[in-house]
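Summary of structural features
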Amino acid sequence: MMGTQMDCEEKQRLLKAYDEASSELSNSVTALRSHQGTTSQAEYEVLYRASRDAHIKAEQARVTFERHKQDHNC
Ligand SMILES: [Zn+2]
């Protein structure tokens with residue numbers, strides 16, 4: 001029997017990567033918010049960049065996951 005939809009390992013892997021990227025993003029946004037106004041401009045800049053990178057990473061992970069589902073029909 002061919003692999004069923006639930007069995008696609010690549011899809012599971014991509015979903016997990018997206019999940020992780022999403023939590024990273026949420027953590028970095030929380031860190032950014034909690035430091036807003038209480039930290040130096042330089043430190044804030046570092047946190048801001050980290051959260052921006054996390055946002056890009058999460059977005060890319062989402063696109064990769066969606067694209068795989070389309071290409072693979074899974
Ligand atoms: Zn797949």
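Preceding block: the structure.
Residues numbered from 1 in each chain as written. Predicted model: local features only at pLDDT ≥ 70, side-chain atom pairs only at ≥ 80, totals over all residues.

**Description of the overall build of the protein**
Looking only at helices and strands, the protein features 2 helices and 0 strands. Relative to the 2.2 N^0.38 estimate, which gives 11 Å for 74 residues, the radius of gyration of the protein is 17 Å and therefore markedly larger than a compact globule would have. Dimensions of the protein along its principal axes, counting C-alpha atoms only, are 60 × 15 × 10 Å. Taking all 74 residues of the protein together, 14% fall into the buried category. Considering only intrachain contacts with a sequence separation of at least 6, the fraction spanning at least 24 residues in the protein is 71%. (Helix = DSSP H or I, 4+ residues; strand = E, 2+ residues; numbered from the N terminus. Rg over C-alpha atoms; globule rule 2.2 N^0.38 Å. Buried ≥ 20, exposed ≤ 12 C-beta atoms within 10 Å, placed from the backbone. Contact = placed C-beta atoms within 7 Å.)

**So, the environment of Gln-36**
As for its placement among the helices and strands, Gln-36 is situated in the loop between α1 (9-35) and α2 (41-72). Once the C-alpha coordinates of Gln-36 and Ser-26 are considered, the two residues, 10 residues apart in sequence, prove to be 15 Å apart.

**With respect to the environment of Glu-59**
Along the chain, Glu-59 turns up in helix α2. By C-beta crowding, Glu-59 is classed as partly exposed, having 14 other C-beta atoms within 10 Å.

**With respect to the nonpolar core**
Counting residues in hydrophobic clusters, the biggest one holds 8 residues: Leu-14, Tyr-18, Ala-21, Leu-25, Ala-54, Ala-58, Ala-61 and Phe-65. Mapped onto this core, the elements with two or more residues apiece are α1 and α2. Sequence-distant contacts of Leu-14, that is, excluding residues within four places in its chain, are made with Thr-64, Phe-65 and His-68. (Core = buried A, V, L, I, M, F, W, Y, C linked by C-beta atoms within 7 Å.)

**Some points on unusual backbone geometry**
Even without being glycine, Asn-73 reaches a positive phi, approximately 55°. Structurally, the position occupied by Asn-73 is in the segment after α2. The exposure class of Asn-73 is exposed, given the 8 C-beta atoms found within 10 Å.

**Section: α2**
With 32 residues, α2 should cover 46 Å at 1.5 Å per step; its first-to-last C-alpha distance of 46 Å lies within 8% of that length. If you check which residues of α2 are buried, you get Ser-51, Ala-54, Ala-58, Ala-61 and Phe-65. Buried residues belonging to α2 abut α1. (Expected span 1.5 Å × (residues − 1).)

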